[in-house]
Amino acid sequence: MKKGSPVQSHNNKPTIQEELGVKLMTARHPVIKKLKKECPTSIHGDKFWSSSYLLMDYLNDNPPKKNAKILEIGCGWGLTAIYCSKTFGCDVTGVDADPDVFPYLQAHAGLNEVYIKPLVKTFDQLDVKTLSEYDLIIGGDICFWDSLNNTLFNLFKRAKKAGVSKAIIADPQRQPFVDLCARLDKDFSHEVWDWELPEPTPANGDILIIDFDRS
Ligand SMILES: C[S@@+](CC[C@H](N)C(=O)[O-])C[C@H]1O[C@@H](n2cnc3c(N)ncnc32)[C@H](O)[C@@H]1O
């Protein structure tokens, strides 16, 4: 089967599609329609954002270490978390401030036959002790307000203290994210890659990689 092609149809309209081996329900899927009524999300966790596709593509080229413990921050519906569990067999936790994203994440984890540990916390609530349980932090489109610049900068400082090895964050080049990248030089060893994904779902943006081990 081709990447991105529909795997189920209803009235000739696809309700499930596949991205890099992960099955996704479209907005037409009855489960999504029901969840949208029962669990309206409140901080933009209302779909799979394209940065997740970028992040998956980056990880496809640069796989995490086997048995890595991964924390997806601002996971929303958890696409990248599911991808890492399904493709690399990693132990993955999805954390989000909005509890209403988790029914969508669980529905997709079930569809893909993986388990993602759910954690309801804000970025600020992720303390050094919690972060010390993880090797790798990932995130897609999580720096969309000016206030999140400081919030994430401080989270990176705690991650470094906690012994996390790396953070990989994808973004569609929103200004708060660009500003965040610009202030990392003094404290962190990092790279920013311009990333483009022509298919199956076209996406482009930046990938920030922070190497805490070298920072
Ligand atoms: C634009 S969505 C991206 C969701 C997902 N990463 C994706 O790419 O599909 C941003 C997510 O970050 C979460 N979020 C926003 N601010 C947060 C905070 N301060 N702490 C934890 N999660 C937060 C939202 O609830 C939402 O799920």
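For the structure, see preceding data.
Here the structure is a predicted model, which means the values were calculated and not measured.

1. Observations regarding the overall build of the protein
No. 1: In terms of helices and strands, the protein carries 7 helices and 10 strands.
No. 2: Relative to the compact-globule value of 17 Å for 215 residues, the protein shows a C-alpha radius of gyration of 17 Å, a close match.
No. 3: By principal-axis analysis of the C-alpha atoms, the protein measures approximately 55 × 35 × 35 Å.
No. 4: Within the protein, the proportion of its 215 residues that are buried is 38%.
No. 5: Of the contacts formed within the protein by residues at least 6 apart in sequence, a portion of 69% connects residues at least 24 apart.

2. Side note on the pairing of strand β8 (residues 166-171)
Side-chain positions along a regular strand alternate between the two faces of the sheet.
No. 1: Counting buried residues in β8 gives 6 out of 6 residues, a clear majority hidden from the surface.
No. 2: Every second residue of β8 is oriented toward a common face, with Lys166, Ile168 and Ala170 on one face and Ala167, Ile169 and Asp171 on the other, all of them buried.
No. 3: The pairing of strand β7 (residues 136-140) with β8 spans 5 bridges and is classified as parallel. Opposite Ile138, over in β8, you have Ile168 as the bridge partner.

3. Details of the packing of helix α2 (residues 50-61) against helix α3 (residues 79-88)
No. 1: In contact at an axis separation of 9 Å, α2 and α3 are set at 25° when each is read in the N-to-C sense. It follows from the interaxial angle that α2 and α3 lie roughly parallel. Of the two possible hands of crossing, α2 and α3 adopt the one that is right-handed. Residues Ser52, Leu55, Met56 and Leu59 of α2 form the contact with α3, whose participating residues are Leu79, Thr80, Tyr83 and Cys84.
No. 2: Tallied by class, the residues present in the contact of α2 with α3 amount to 6 nonpolar, 2 polar and no charged.

4. Notes on the sheet that holds β7
No. 1: Read from one edge to the other, the open sheet built from 7 strands follows the order β6-β5-β4-β7-β8-β10-β9, with strand pairing classed as mixed. Here the strands that pair on one side only, and so sit at the sheet edges, are β6 (117-120) and β9 (189-197). When strand polarity is set aside, the average angle formed by the axes of neighbouring strands in this sheet is 20°.

5. Description of the site of the ligand
No. 1: Taken together, 23 residues surround the ligand, and among them Ile43, Gly45, Gly74, Gly76 and Gly140 come closest.
No. 2: Of the residues in the shell around the ligand, the class split is 11 nonpolar, 9 polar and 3 charged.

Conventions we followed
- Residues numbered from 1 in each chain as written.
- Predicted model: local features only at pLDDT ≥ 70, side-chain atom pairs only at ≥ 80, totals over all residues.
- Helix = DSSP H or I, 4+ residues; strand = E, 2+ residues; numbered from the N terminus.
- Rg over C-alpha atoms; globule rule 2.2 N^0.38 Å.
- Buried ≥ 20, exposed ≤ 12 C-beta atoms within 10 Å, placed from the backbone.
- Contact = placed C-beta atoms within 7 Å.
- Pairing = 2+ DSSP bridges.
- Axes fitted to C-alpha atoms, helices over the stretch in contact; angles between N-to-C directions.
- Parallel < 35°, antiparallel > 145°, perpendicular 65-115°, else oblique.
- Left-handed = near helix turned anticlockwise from the far one by under 90°.
- Nonpolar A, V, L, I, M, F, W, Y, C, P; charged D, E, K, R; others polar.
- Near = placed C-beta within 6 Å.

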